[in-house]
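Chain and residue survey
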Amino acid sequence: MPPSREEAWALVEEWVQSESLRKHLLGVEAAMVAYAGKWGEDEEMYAVTGLLHDLDYERYPDLDSGHPRKALELFEERGYPQELIDAVAGHASFLGVPRETQMAKTLFAVDELSGFIAACALVRPTGIDGLTPKSVKKKLKQPSFAAGVNRDEVRQGAEELGVDFDEHVAFVIGAMEERADELGLAVASA
């Protein structure tokens, strides 16, 4: 049985202290819910998968033995759906778990991209408002900007999802823009 959105957020509050990581999880959730709505999939299942995908990253950042293995163990113990577990495992390419479901492909496609879009918005005087795929792509070409973002995975995610890259970027921007205040990406009103 999947956790409810409230149960998932309670886990985030228990496991994640970093405000920036919490905002990342909320940004991924926003993009996941938007895609679920577009495809007629289960929005709450997509939401909780987006919220929980990096649950253990702060506590267990070592990619060789930690993230996302500790979260996956927790999800197994709690009897979460295999689809959620597989999607979280699949977002970590280094685990070699194939992304076979629409949800797993969606999580992979929006994870790095939503973080990159947030980084782009944070350096703009207008925040996410008016951010375009063109300016996101320009920043992607600057290796020093948001250097931790894997550019290959950003592109690979759109390819696996079978969506046009510019449309994908625009769609994720739109999803995040709807929650700009919560994500800290809105312009502070003077």
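Residues numbered from 1 in each chain as written. Predicted model: local features only at pLDDT ≥ 70, side-chain atom pairs only at ≥ 80, totals over all residues. Heavy atoms only, no water.

What follows deals with the overall build of the protein. In terms of helices and strands, the protein carries 10 helices and zero strands. Helices and strands appear in the protein in the N-to-C order α-α-α-α-α-α-α-α-α-α. Sorting the 190 residues of the protein into buried and exposed places 47% on the buried side. Within the protein, contacts between residues separated by at least 24 positions form 65% of all contacts whose residues are at least 6 apart in sequence. With the model as given, the accessible surface of the protein reaches about 9,000 Å², and the carbon-plus-sulfur share is 49%. Mean positive and mean negative side-chain charge positions of the protein (19 and 35 charges, respectively) differ by 8 Å. (Helix = DSSP H or I, 4+ residues; strand = E, 2+ residues; numbered from the N terminus. Buried < 20%, exposed > 50% of the residue type's maximum accessible area, 1.4 Å probe, protein only. Contact = heavy atoms within 4.5 Å. Areas by Shrake-Rupley, 256 points an atom, 1.4 Å probe, with all protein chains shown as cover. Lys, Arg positive; Asp, Glu negative; His and termini not counted. Charge placed at Lys NZ, Arg CZ, Asp CG, Glu CD.)

Of the voids in this model, the largest pocket is the one considered here, and its volume is about 770 Å³. Lining the largest pocket we find 31 residues, and of these His24, Asp54, Asp111, Glu112 and Gly115 sit closest to its centre. Mapped onto the lining of the largest pocket, the elements with two or more residues apiece are α2 (19-39) and α6 (102-122). The leading source of residues in the lining of the largest pocket is α6, at eight residues. Its residues assigned to classes, the lining of the largest pocket comprises 15 nonpolar, 11 polar and five charged. (1 Å grid on protein atoms, 1.4 Å probe; cavity = no way out; pocket = protein on both sides within 12 Å on 5 of 7 lines; lining within 4 Å. Points joined across faces, edges and corners; volume = space filled by probe spheres on them. Nonpolar A, V, L, I, M, F, W, Y, C, P; charged D, E, K, R; others polar.)

Glancing now at helix α8 (residues 151-161). Burial in α8 covers these residues: Arg151, Glu153, Val154, Gly157, Ala158 and Leu161. In this structure, the buried side of α8 is in contact with α2, α6, α7 (133-140) and α9 (165-177). The first or second residue beyond α8 is glycine 162, which carries a positive phi of 75 degrees.

Let us now look at the side chain of aspartate 56. For aspartate 56, the location among the structural elements is in the loop between α3 (43-52) and α4 (69-77). Buried and unpaired, aspartate 56 has no salt bridge, with arginine 69 as the nearest side chain of opposite charge at 7.5 Å. Beyond its immediate sequence surroundings of up to four residues, aspartate 56 is in contact with Trp15, Pro61, Gly66, His67, Pro68, Arg69, Lys70 and Ala71. (Salt bridge = Lys/Arg side-chain N within 4 Å of Asp/Glu carboxyl O.)

Within the secondary structure layout, glutamate 29 lies in helix α2. A residue is classified by how much of its surface remains accessible, and glutamate 29, at 3% relative accessible area, is buried. Setting aside residues up to four positions removed in sequence, glutamate 29 forms contacts with Arg5, Ala47, Gly50, Leu51 and Arg179.

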